Amino acid sequence: MIKFEKNNNGVILQYSSDQYSSESGNKWVYERLEDPEGFKLKRTFFLEKGHLYGSSRVTDPDFDLPVEFKVARKVGDYFEFDKEILSIEYGLYVHKDIDLTYRTFIAEKNVSIFSRINDLKPGDIYIGGENQNSLPKDEFDNLLKNLPNTYELRKYVVARLSAVLRNYFEIKIDGEEQYHRYMNKKVSKAGSDLGGMFKESEIMKFTTLLEKLESMLEDENSYNEKQWQIEILQIILLLHPKYIHVFRDAPVRDTYNNKYRSLDFLLVDSSGNTDIVEIKQPFDKCIVTSNQYRDNYIPLRELSGTVMQVEKYIFYLNKWGRKGEEFLTNKYKDELPNGFNIKITNPGGIIVMGRENNLSSVQRQDFEVIKRKYKNVLDIITYDDLLGRLKFTIEQLKRDT
């Protein structure tokens, strides 16, 4: 068991073994400290004999008492933690009012939190207090609260397995859906207000979009499905300025089954015309098969299923016709300018999904054939295609300046 005690000198780590009999107590800790190289406690605290504190420093310590180590010193209103003990290169300063527990330092599976932060090569970090650059206490608490637990890690593994296996086998449980449902209940990584940043120039705007997308693709697992869709949707709207508004969970009438269905996102342009957009997280899925069928690479279920879904929604919208226009205009009149009418005139679809950076040239060629097959109705965009569009746009803008 690990506890922390704060005093005017610093922070004292108190360790009591719960793995050994009362007869031996904490004797094993002192035996490990005899090693000149010390030892690592819980894969987080690198401890040596010189770190012992108080009664633990005596020649003949009581093995039944907690072993005490000084791990931080008092500096004003903060505790400065020993870099060697935490195996970090940056200065870590924690305000005196911050409660210190086992989970302040150690995540699931004995993962050292501050050691992992060290991988990011930060400058000095202040937590809590009045320092102008400090991480607020509430934000720090939320950070700890939302670190992945064992249950979440297990859900993620099942989701990855499900994403691949369902393209080849019939499975009864959609692990990916379960994972997203679980993650949607948690606080997700929040995105920045991209729209407010693009006032000075188009080059700054598209450069920011490119950096944002690259950052998301490098760290896609920190986003839940809803937040990912919102972030990508901002990029699409800024790439397609004709759209003035987007409606989430918009209704569409299924006249054949006499019920309403829900669209994830319904786009409306400045003329009132509607289009549908479907956004999927990359999640390491392929968009075409890895093996050929009669000398062709064919779309995987994830792609063909998404295409079918969007085509159905377009079909429902077209069948709804004038009644649908009146219904949607009335439903969203408070979100649109006065006198603005929503129109259903051969809606198109945009699908954003998948990566093609690992596809062979032949796979890319066959995928292009697939995309062009639906070109009159759908624009199928991969995340690599989206990256390419942004890069070429930036290059052309720089040429024209």
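Please refer to the structure higher up on the page.
Residues numbered from 1 in each chain as written. Predicted model: local features only at pLDDT ≥ 70, side-chain atom pairs only at ≥ 80, totals over all residues. Heavy atoms only, no water.

(A) Inspection of the pattern of salt bridges at higher detail. In this structure the tally under the stated criterion is 18 salt bridges. Note that Lys-121 is salt-bridged to Glu-89, the shortest N-O span being 4.0 Å. Of this pair, Lys-121 sits in the loop between helix H4 (113-118) and strand E10 (125-127) while Glu-89 sits in the loop between helix H2 (83-86) and strand E7 (92-95), and the two are 32 residues apart along the sequence. Between Glu-368 and Arg-372 there is a salt bridge, with its nearest N and O atoms 3.2 Å apart. Note that Glu-368 and Arg-372 are positioned in helix H11 (residues 361-373) at a spacing of four residues, about one turn of the helix. Counted as one network, the salt bridges with shared partners bring together Glu-368, Lys-371, Arg-372, Asp-379, Asp-385 and Arg-389. (Salt bridge = Lys/Arg side-chain N within 4 Å of Asp/Glu carboxyl O. Helix = DSSP H or I, 4+ residues; strand = E, 2+ residues; numbered from the N terminus.)

(B) Main features of the sheet that holds strand E15 (residues 378-381). Here we have five strands laid out as an open sheet, ordered E11-E12-E13-E14-E15, and mixed in their pairing. Each having just a single partner strand, strand E11 (243-254) and E15 make up the two edges of the open sheet. Neighbour-to-neighbour, the strand axes of the sheet open up by a mean angle of 30°, direction not taken into account. Two elements, strand E14 (residues 349-352) and E15, share four bridges in a ladder whose sense is parallel. (Pairing = 2+ DSSP bridges. Axes fitted to C-alpha atoms, helices over the stretch in contact; angles between N-to-C directions.)

(C) Main features of helix H6 (residues 150-165). The end-to-end C-alpha distance of H6, which contains 16 residues, comes to 23 Å, matching closely the 22 Å that a straight helix rising 1.5 Å per residue would cover. Those residues of H6 not exposed but buried are Glu-152, Lys-155, Tyr-156, Ala-159, Ser-162 and Ala-163. One face of H6 carries all of its buried residues, which in axial projection span an arc of 130°. Looking at the buried positions of H6, the neighbouring elements they touch are helix H7 (175-184). (Expected span 1.5 Å × (residues − 1). Buried < 20%, exposed > 50% of the residue type's maximum accessible area, 1.4 Å probe, protein only. Arc of directions from axis to C-beta. Contact = heavy atoms within 4.5 Å.)

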